[in-house]
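Breakdown of the fold
Below are the chains, spelled out letter by letter.
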Amino acid sequence: MPGNGAVTRSTLRQQIADALRDEVLAGRLQPGRAFTVKEIADQYGVSATPVREALVDLSAQGILEADQHRGFRVPEYSPADYRGMIEARSLVTDGMFQALTTHPAFTAPEDPRTAAALAAVRRRGEEAQRAAAAGDLSVLIGYDLRFWRELSGLFGNPYLADFLHRLRVQSWVCAVQHLRRLPDVRHHLWAGHTELVDALARRDAEAARAIVAAANAHSLALVERLAEQP
């Protein structure tokens, strides 16, 4: 039954990767925390192979980084790193919004498929906004990542969507290290998701850029301020 074994290993690989990603984004695995494949394998009671594969996957996503002495560790991102991530994200989203003038998904807004796709993205944004208002950072991160994943998917370029997703995951890995220090994150979190979708539905690229630029400036200022605190 080699096929079943392959499926099991693949499933374990994904489950371990998902669990460790959630631990990092929840702030339970602190920056600089190092561990070996054996430690994680022992923790989950599985063999080393799916663990090693999961850790390599997370390293490729920027959630972990290889450490030649301990195996893998949680990266320690600085505000300067965060600024670089935001600049890279902006270059990607600016290109996406520019495509508003030519991409079929937006040049034919009367298409019911386009309307349905935008409505689905908007629902993700509404969930993200509710999580932000409640101060539930873990839920917000999940919905925010889904929001941007689905939104970027509308532009029909999977390479662009994958790159933006990786940048946003890294951005959250960096930001959460600082946000978790706040006793209450309500009123500190950006929640303009539906406003952005509405601007895109109007094919208003300039308004979309302005919304994202304001969100980026807010997030960067917050991270830099928190990083300066003892």
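Residues numbered from 1 in each chain as written. Predicted model: local features only at pLDDT ≥ 70, side-chain atom pairs only at ≥ 80, totals over all residues. Heavy atoms only, no water.

**What to know about the overall build of the protein**
The number of helices and strands found in the protein is 10 helices and three strands. Secondary structure elements of the protein, listed N to C terminal, follow the sequence α-β-α-α-β-β-α-α-α-α-α-α-α. Against the compact-globule benchmark of 17 Å for 230 residues, the protein has a radius of gyration of 19 Å, which places it among compact chains. Excluding contacts between residues fewer than 6 apart, the proportion of contacts in the protein whose partners are at least 24 apart in sequence is 73%. Within the structure as shown, the protein displays about 11,600 Å² of accessible surface, and the carbon and sulfur contribution to it stands at 53%. Side chains of the protein carry 27 positive and 28 negative charges; the gap between the two charge centres is 3 Å. (Helix = DSSP H or I, 4+ residues; strand = E, 2+ residues; numbered from the N terminus. Rg over C-alpha atoms; globule rule 2.2 N^0.38 Å. Contact = heavy atoms within 4.5 Å. Areas by Shrake-Rupley, 256 points an atom, 1.4 Å probe, with all protein chains shown as cover. Lys, Arg positive; Asp, Glu negative; His and termini not counted. Charge placed at Lys NZ, Arg CZ, Asp CG, Glu CD.)

**Some words on the pattern of salt bridges**
Scanning the entire structure with this criterion turns up 19 salt bridges. With a shortest N-O distance of 3.2 Å, Asp144 and Arg168 are connected by a salt bridge. In this pair, Asp144 sits in helix α7 (residues 137–153) while Arg168 sits in helix α8 (residues 158–179), placing the two residues 24 residues apart along the sequence. Asp184 is paired through a salt bridge with Arg186; the nearest N and O atoms lie 2.7 Å apart. Among the charged side chains, a network of salt bridges with common partners joins Arg13, Glu53 and Asp57. (Salt bridge = Lys/Arg side-chain N within 4 Å of Asp/Glu carboxyl O.)

**Looking at the nonpolar core**
Phe35, Leu55, Leu137, Leu140, Trp172 and Leu179 are the most contacted members of the largest nonpolar core, which totals 43 residues. For this core, the secondary structure elements donating two or more residues are α1 (2–25), α2 (37–44), α3 (48–60), α4 (79–98), α6 (112–134), α7, α8 and α10 (205–228). Sorting elements by how many residues they give to this core places α8 first, with seven residues. Among residues more than four places away in sequence, those in contact with Leu55 are Leu20, Phe35, Val37, Leu64 and Phe72. (Core = buried A, V, L, I, M, F, W, Y, C linked by side-chain atoms within 4.5 Å. Buried < 20%, exposed > 50% of the residue type's maximum accessible area, 1.4 Å probe, protein only.)

**A short note on unusual backbone geometry**
Of note, His187 is a non-glycine position whose phi angle comes to about 75°, a positive value. Within the secondary structure layout, His187 lies in the loop between α8 and α9 (193–201). Judged by relative accessible area, His187 falls into the exposed class, the value being 78%. The residue Arg203 is not glycine, and still its phi comes out positive at about 60°. Mapped onto the fold, Arg203 is located in the loop between α9 and α10.

**Quick word on the packing of aromatic side chains**
Each aromatic ring pair is described using two quantities: the centre-to-centre distance and the angle formed by the ring planes. In the structure shown here, the tally under the stated rule is one aromatic pair. A ring pair is formed by Phe147 and Trp148, whose centres lie 5.6 Å apart and whose planes are at 85°; its orientation type is edge-to-face. Residue Trp148 is classed as buried on the basis of its relative accessible area of 4%. (Phe/Tyr/Trp six-rings, centres within 6.5 Å; stacked < 30°, edge-to-face > 60°.)

**What to know about the packing of α6 against α7**
When two helices pack together, you describe them by how their axes are tilted relative to each other and by the distance separating the axes. Two elements in contact, α6 and α7, have axes separated by 8 Å at closest approach and are oriented at 160°. Put simply, α6 runs roughly antiparallel to α7. Judged by the sense of rotation from one axis to the other, the crossing of α6 with α7 is left-handed. Judged by residue contacts, Ala120, Val121, Arg124, Gly125, Glu127, Ala128, Ala131 and Ala132 of α6 engage Val139, Leu140, Tyr143, Asp144, Arg146, Phe147, Glu150 and Leu151 from α7. For the contact of α6 with α7, the class distribution of residues is 10 nonpolar, one polar and five charged. (Axes fitted to C-alpha atoms, helices over the stretch in contact; angles between N-to-C directions. Parallel < 35°, antiparallel > 145°, perpendicular 65-115°, else oblique. Left-handed = near helix turned anticlockwise from the far one by under 90°. Nonpolar A, V, L, I, M, F, W, Y, C, P; charged D, E, K, R; others polar.)

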